[in-house]
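Structural description and commentary
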Amino acid sequence: MKYTIILIVLINIFILSGDAYSYKQLYPALEITTHYTEENPASAAPLLRWNENTEAVYYELEVFDKIPDRLSTNSVSAEHIYFTNQVFVNAFNLPIAEITEGCHKNLYWRVRAMDFDNKPVTNFSALELLYTDGHPSEINSPVTNTNYNHGNGSVLLYPVYQWIPNAGAVKFEVEVLSAPPENPNGTEPSMYRIFSSTIDFSCEYYDPHSRIGTYYWRVRGIDSDGRPIGVYSNAERFSNEPSADYQVGIFGDSISHGGGHLSYSPADFEFSYSSYLNFPSINLSESGDTIEMMVNRFDKDVLPFAPRYLIIMGASNSLRAGVSADKIIIGLKILQQKCQENDIQPILLTLPTINPHNINKIFTESTSSNWPYEFNKVNNYIRTRVHIDTAAEFPVPPEILPTEFALDGLHLDDNGKAIMGHTINENWSNVLAQITEDNDEDKVTVTAKEMELFRSIPDVYDL
């Protein structure tokens, strides 16, 4: 599922979560990792950083011009001179000049992690002294924070672009380039631009296009009047080259694409099960896919890479919307047959259960009442093919997915993705042996009648 979490969270935090209340303390206070001292003073708009907490949906940040007489570690203070809860990554570009109206004075700041229900995940960090001399900031653009093509799980055919917003920006323009920009950190679009999109306040953008080849991307901030704030960010390179000869491809929807816990996208690789694998792979998944969409894009997205093995997992979106298991099973058979026709070995993954209550809570989307039966029917079919039982480590429908594994009830969080990755690792050698032994016996042939039925059953977006 493609989802932009910023709007969802904003709706839920119009009422600030600053009142004091008792709660169970789950995680240690955040640790500040940027320190501005007399020897290294902050600029008029410094970048503040702290350690990431993957249980956070957003962060609250307070700034003071003096140390308060009484300062609680678990509630917002009335003595702050600046407060924001519009922080969705573990960094913030603080507009000191705006806060202090140009006066050069030392400040203090602290931050805490918050959950979807506007309750603290941590106490506030220790109060941090921030020395500043007001010199011009070196940050004149959003700060990119993707790291593609570095380690397992970091190669995505459908990339997600992420950044730390620059102070004052209310919109962002993302630009994808076919070559390094001729005007690095400039103010005008590059001559190599092949795609661009302007979006409201966010920290991420899901590219709607597959990117086969080598590309660059960058982003710039825009103010409330539509004028650029500063310049374009540094251009980031990423590469999806068929010549890299990937032996393993991953093909599926958002569960395989990556991301979870609302604020984390597929570019946060700890939320991708492919990052936990013991072998490299290319992620050919696309968030939002239905079984029909997977079938329709197979040729253009999988065949150029011709992986030796294709890990296939999909149809959760279709099943929860009420598409019958019969259509899903035929779709999986079509994908297997396509693999066989192109000397690719398909390996199916079973589907972990879901949590309809959490799906409705987060996305305001209902789930088909027949989902347990349909999920089990699909998984029972998958278990008759060459497969890895990634669902086995989770409850069996009608039991639901515990919130601790997926806040939104669908997209497994980092702990759930780690379980999936480890399950694949533990079974990988046995599956490869099975493929060698049963290569001829495991062939799939889709009949004309099955194909007709597949096309006649409405897809998710036709229901």
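Now for a look at the structure at hand.

What counts, and where the lines are drawn
- Residues numbered from 1 in each chain as written.
- Predicted model: local features only at pLDDT ≥ 70, side-chain atom pairs only at ≥ 80, totals over all residues.
- Heavy atoms only, no water.
- Salt bridge = Lys/Arg side-chain N within 4 Å of Asp/Glu carboxyl O.
- Helix = DSSP H or I, 4+ residues; strand = E, 2+ residues; numbered from the N terminus.
- Polar contact = N/O pair within 3.5 Å; in protein donor to acceptor, adjacent residues only side chain to side chain.
- Contact = heavy atoms within 4.5 Å.
- Pairing = 2+ DSSP bridges.
- Axes fitted to C-alpha atoms, helices over the stretch in contact; angles between N-to-C directions.
- Expected span 1.5 Å × (residues − 1).
- Buried < 20%, exposed > 50% of the residue type's maximum accessible area, 1.4 Å probe, protein only.
- Phe/Tyr/Trp six-rings, centres within 6.5 Å; stacked < 30°, edge-to-face > 60°.
- Lys NZ or Arg CZ within 6 Å of the ring centre and 35° of its normal.

Enumeration according to the criterion identifies 20 salt bridges in this entry. Among the salt bridges present, the one from arginine 193 reaches glutamate 175, with a minimum N-O distance of 2.7 Å. Taken together, the positions of arginine 193 in strand 12 (residues 193–200) and glutamate 175 in strand 11 (residues 171–177) put the pair 18 residues apart, joining distant regions of the chain. When salt bridges that share partners are traced, they join Glu173, Glu175, Arg193, Arg218 and Arg220 into one network.

With respect to the secondary-structure elements, threonine 144 resides in strand 9 (residues 143–144). A distance of 2.7 Å separates the side chain of threonine 144 from the side chain of glutamate 236, its partner in a polar contact. With sequence-adjacent residues up to four places away left out, threonine 144 is seen in contact with Gln162, Trp163, Trp217, Val219, Ser233, Asn234 and Glu236.

Another aspect to go through is the sheet that holds strand 20 (residues 345–349). Pairing is parallel in the open sheet, where five strands are placed in the order 18-17-19-20-21. Taken across any chain shown, the strands that pair with only one partner, and hence form the sheet edges, are strand 18 (282–283) and strand 21 (387–388). Bridge analysis of strand 17 (residues 248–252) against strand 18 gives two bridges, and the strand direction is parallel. Residue glycine 249 lies in a different strand from strand 18, and its bridge partner there is isoleucine 282. Strand contacts of helix 4 (residues 291–301): strand 17 and strand 19 (309–313), with the helix running at about 145° to strand 17, the strand carrying the most contacts. The strands touched by helix 6 (residues 325–341) within the sheet are strand 17, strand 19 and strand 20, with strand 19 carrying the most contacts at an inclination of about 170°.

Another point: helix 6. Compared with the 24 Å implied by 1.5 Å per residue over 17 residues, the 24 Å span of helix 6 between its first and last C-alpha is a close match. Of all 17 residues making up helix 6, 15 are buried, and the element is well covered by its neighbours. Of the residues trailing helix 6, aspartate 343 is marked for its positive phi of about 55°.

Counted under the stated rule, the structure contains 18 aromatic pairs. Within the aromatic cluster, the residues linked to one another by ring pairs are Tyr148, Tyr161, Trp163, Phe172, Phe201, Tyr215, Trp217, Phe238 and Phe269. Over the face of the ring belonging to phenylalanine 124 we find arginine 110, whose NZ or CZ atom lies 3.8 Å from the ring centre. A cation over an aromatic ring shows up here: arginine 211 above the ring of tyrosine 215, its NZ or CZ 5.8 Å from the ring centre.

Residues in a regular strand point their side chains to alternate faces of the sheet. Extensive coverage of strand 17 is indicated by the burial of five of its five residues. Side chains of strand 17 alternate between two faces, with Val248, Ile250 and Gly252 and Gly249 and Phe251 buried alike. Pairing between strand 17 and strand 19: five bridges, direction parallel. Directly across from isoleucine 250, in strand 19, lies its bridge partner isoleucine 311.

A separate point is unusual backbone geometry. In this structure, proline 398 follows proline 397 across a cis peptide bond, with omega equal to 20°. Within the element layout of this structure, proline 398 appears in the loop between strand 21 and helix 9 (414–437). Positive phi values are uncommon outside glycine, yet aspartate 245 reaches one of about 60°. The phi dihedral of leucine 262 is positive, around 70°, even though this residue is not glycine. Counting through the fold element by element, leucine 262 comes out in the loop between helix 3 (254–257) and strand 18. Accessibility expressed as a relative area gives 0% for leucine 262, which makes it buried.

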